[in-house]
Amino acid sequence: MFKSLGYATRLARASRVPHLACRRVQPAITPIRPFSVTASRAGRDNEDIDDATTSGEPGSTGDHEGQYARTREDIVVEYPEEKDLPPSQPVVGRGGVHALRTLAAFSMEGKVAVVTGGARGLGLVMAQALVTSGADVAIVDMNREEGQRSAQGLVDIYKQENPDSNKIPKVTAHFCDVSSPTSVNQSLAEILKEHGRVDNLVTSAGFTENYDAISYPHDRMQKLWGVNVDGTYLYAVAVAKHLMERKVPGSIVMIGSMSGAIVNVPQPQAPYNAAKAAVRHLASSLAVEWAGAGIRVNCISPGYMLTALTKKILDDNPDLQKQWTSLIPVGKMGRPEDLMGAVTFLSSDASSYVTGADLRVDGAYTCT
Ligand SMILES: NC(=O)c1ccc[n+]([C@@H]2O[C@H](COP(=O)([O-])OP(=O)(O)OC[C@H]3O[C@@H](n4cnc5c(N)ncnc54)[C@H](O)[C@@H]3O)[C@@H](O)[C@H]2O)c1
């Protein structure tokens, strides 16, 4: 581990380290599978052609198919310490009064939603989408202070953007480590005490980090799966149990990632990718298991999103930013606000016949 180095420094260093000696050094930004690396058949004998196909030895003709689609074991990024994380703000200008006609089914009026990992980043903006759409929200997060600040921030922005509103949404913050069953149950009990009931859940608590699989510290891998997989499962089960006891329908939205369907390059992150594949399939499996109880379970799989955290990393590493962006067909990273419509759709009655779905919000990354 690289405890003595700052987070950004580690990533900057990692992205500067050249390939291992046995590999060809790649330029920082490389087109993906350019046609120029495919051997021309004209004027070549059969042996040359074989060399350039999958029957040839990798690297035998110089460039080889697939060489730009590999991960790099020299990239190491550990999830930062709490004190090194940049603060995150609710968005401004998205929640104001409007008189545009829209489907009533998209309204979250009268609902109570829990958002895990809602203190910051994507969770905070999705919580804001639900508040703007009419819900009361309970933010659940391991970061107690930021959770409280964000809950207050959501109410302040709502008031600022809806000065004539006669109903101020209730937004509360609750400490929880979602990987602990005890902590999950304690926080849900606290939420039920304050809000009386829960109708919706969005599980956004999660994190990623980059180590090659051979070197991934086992304790960190368990923590990663504990938060991303166990945490999603535990909160979903707790809320589903509450809905079943009340005999009412509900909607659960799990935040997966495009990494659950593709393998990101160049950074290695096998356990995270597997965790997000698990989240996606957990959503499908629970959708089937709980369909009879009227509980819908869907997954949102975001692509590369520009949160305060990713922005800081990429500002420090413009090459990595260019490399990531070059892989996205729409040519830019997503903004957290791009998830506002998706989470509102899947949480509200607008999607009442949608369950077990995976909604990719990735600028078509996974289409290529
Ligand atoms: N940012 C992206 O580009 C991106 C892309 C795809 C998927 N995702 C997923 O979206 C989710 C949110 O990511 P983000 O970028 O907003 O991250 P973030 O780090 O900004 O926010 C994550 C939040 O989860 C909280 N958290 C972490 N561990 C927790 C625990 N054990 N219990 C309770 N809360 C905990 C953190 O305190 C933080 O507030 C994650 O599941 C992530 O894997 C992010």
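Residues numbered from 1 in each chain as written. Predicted model: local features only at pLDDT ≥ 70, side-chain atom pairs only at ≥ 80, totals over all residues.

S.K.: Where do I start with the overall build of the protein in this structure?
M.R.: Looking only at helices and strands, the protein has ten helices and seven strands in total. Counting across all 368 residues of the protein, residues that qualify as buried make up 41%. Within the protein, contacts between residues at least 6 apart in sequence are counted, and of these 78% link residues at least 24 apart. (Helix = DSSP H or I, 4+ residues; strand = E, 2+ residues; numbered from the N terminus. Buried ≥ 20, exposed ≤ 12 C-beta atoms within 10 Å, placed from the backbone. Contact = placed C-beta atoms within 7 Å.)

S.K.: I tried to follow the pairing of strand β4 (residues 200-203) on my own but got confused; where do I start?
M.R.: Taken residue by residue, a regular strand's side chains alternate between the two faces of the sheet. With burial as the criterion, each face of β4 is covered, one bearing Asn200 and Val202 and the other bearing Leu201 and Thr203. In this structure, strand β1 (residues 112-116) lies alongside β4, joined through four bridges in parallel fashion. Note that in β4 the partner of Val115 across the bridge is Val202. Sheet topology note: the β4/strand β5 (residues 250-255) ladder contains four bridges and is parallel. By the bridge assignment, Asn200 is partnered in β5 with Ser251. Handedness of the β-α-β unit built from β4, helix α6 (residues 218-246) and β5 comes out right-handed. (Pairing = 2+ DSSP bridges. Right-handed = clockwise from strand over helix to strand, strands pointing away.)

S.K.: Can you help me understand the confidence of the model for the protein in this one?
M.R.: It should be kept in mind that the predicted coordinates are not to be read in detail where pLDDT is low. Residues of the protein with pLDDT of at least 70 account for 81%, and the chain-wide mean is 85. The low-confidence segment residues 1-44, where pLDDT is below 50, has 57 contacts with residues more than four positions distant or belonging to other chains. (pLDDT = per-residue confidence, 0-100.)

S.K.: I keep staring at the nonpolar core and nothing clicks. Help me out?
M.R.: One recurring pattern in soluble globular proteins is that nonpolar side chains are buried together. Met126, Leu130, Val137, Ile139 and Val343 are the most contacted members of the largest nonpolar core, which totals 72 residues. No other element matches α6, which puts ten residues into this core. If we skip the residues at most four places from it in the chain, Val137 touches Ala113, Val115, Ala127, Leu130, Val131 and Val171. (Core = buried A, V, L, I, M, F, W, Y, C linked by C-beta atoms within 7 Å.)

S.K.: Mind showing me how you'd approach the environment of Gly118 here?
M.R.: Among the structural elements, Gly118 can be located in the loop between β1 and α3 (121-132). C-alpha of Gly118 to C-alpha of Asp141: the two residues are 23 residues apart in sequence and 6.2 Å apart in space. In this structure Gly118 touches Gly123, Leu124, Ala127, Ile139, Val140, Asp141, Ser150 and Ser204, once residues within four positions along its chain are discounted.

S.K.: Explain the environment of Leu309 here, please?
M.R.: Secondary-structure assignment places Leu309 in helix α8 (residues 308-316). Considering only alpha carbons, one finds Leu309 and Gly121, 188 residues apart in sequence, at a separation of 7.7 Å. For Leu309, the contacting residues outside a window of four places in its chain are Leu85, Pro86 and Gly121.

S.K.: What is the right way to look at the packing of α6 against helix α7 (residues 270-290) in this model?
M.R.: When two helices pack together, their arrangement is captured by the angle between the axes and the distance separating the axes. Two numbers describe how α6 lies on α7: the axes approach to 9 Å, and their chain directions differ by 15°. In terms of axis orientation, α6 runs roughly parallel to α7. In the packing of α6 onto α7, the handedness of the crossing is right-handed. Of the residues in α7, those in contact with Met221, Leu224, Trp225, Asn228, Val229, Thr232, Tyr233, Ala236 and Ala240 of α6 are Pro271, Tyr272, Ala275, Lys276, Ala278, Val279, Leu282, Leu286 and Trp290. In terms of residue class, the contact of α6 with α7 is built from 15 nonpolar, two polar and one charged. (Axes fitted to C-alpha atoms, helices over the stretch in contact; angles between N-to-C directions. Parallel < 35°, antiparallel > 145°, perpendicular 65-115°, else oblique. Left-handed = near helix turned anticlockwise from the far one by under 90°. Nonpolar A, V, L, I, M, F, W, Y, C, P; charged D, E, K, R; others polar.)

S.K.: Just checking my understanding: could you explain helix α10 (residues 340-347) for this structure?
M.R.: Two residues of an α-helix separated by three or four positions point the same way, owing to the 3.6 residues in each turn. Counting buried positions along α10 yields seven of eight residues, so the element is predominantly enclosed. Inspection of α10 places Met340, Ala342, Val343, Thr344, Phe345, Leu346 and Ser347 among the buried residues, and these make up the whole buried set.

S.K.: What exactly am I supposed to notice about the site of the ligand here?
M.R.: Near the ligand, the surroundings consist of 29 residues, among which Gly117, Gly121, Ala205, Gly206 and Ser257 are the closest. Elements with a contribution of two residues or more to the shell around the ligand: α3, α6 and α8. No other element matches the three residues that α3 contributes to the shell around the ligand. Tallied by class, the residues present in the shell around the ligand amount to 13 nonpolar, 13 polar and three charged. (Near = placed C-beta within 6 Å.)

S.K.: Help me out: how do you make sense of the sheet that holds β1 in this one?
M.R.: For sheets, the rule is that strands pair by backbone hydrogen bonds, running either parallel or antiparallel. Spatially, seven strands are ordered β3-β2-β1-β4-β5-β6-β7 in an open sheet, and the strand pairing comes out parallel. On the outer flanks of this sheet lie β3 (171-175) and β7 (358-361), each paired with one strand and no other. Averaged over all pairs of adjacent strands, the angle between strand axes in this sheet comes to 20°, irrespective of strand direction. The strands that α3 touches are β1, β2 (136-141), β3, β4, β5 and β6 (295-302); relative to β1, the one it contacts most, it runs at about 170°. In this fold α7 packs onto β5, β6 and β7, with an angle of close to 165° to the strand it touches most, β6.

S.K.: What am I meant to see in the environment of Ser285 here?
M.R.: Turning to its location among the elements, Ser285 is positioned in helix α7. Assessed through the 13 C-beta atoms surrounding it within 10 Å, Ser285 is described here as partly exposed. With twelve residues separating them in the primary sequence, Ser285 and Val297 have C-alpha atoms 8.7 Å apart.

S.K.: Even after reading the chapter, I still don't get the pairing of β6, so can you show me in this structure?
M.R.: Of all eight residues making up β6, eight are buried, and the element is well covered by its neighbours. Burial along β6 is two-sided: the residues Ile295, Val297, Cys299 and Ser301 and Arg296, Asn298, Ile300 and Pro302 are all buried. Pairing of β5 with β6 involves six bridges; the strand directions are parallel. When the bridges of β6 are listed, Val253 appears paired with Asn298. A crossover connection joins β5 to the parallel β6 through α7; in handedness this β-α-β unit is right-handed.

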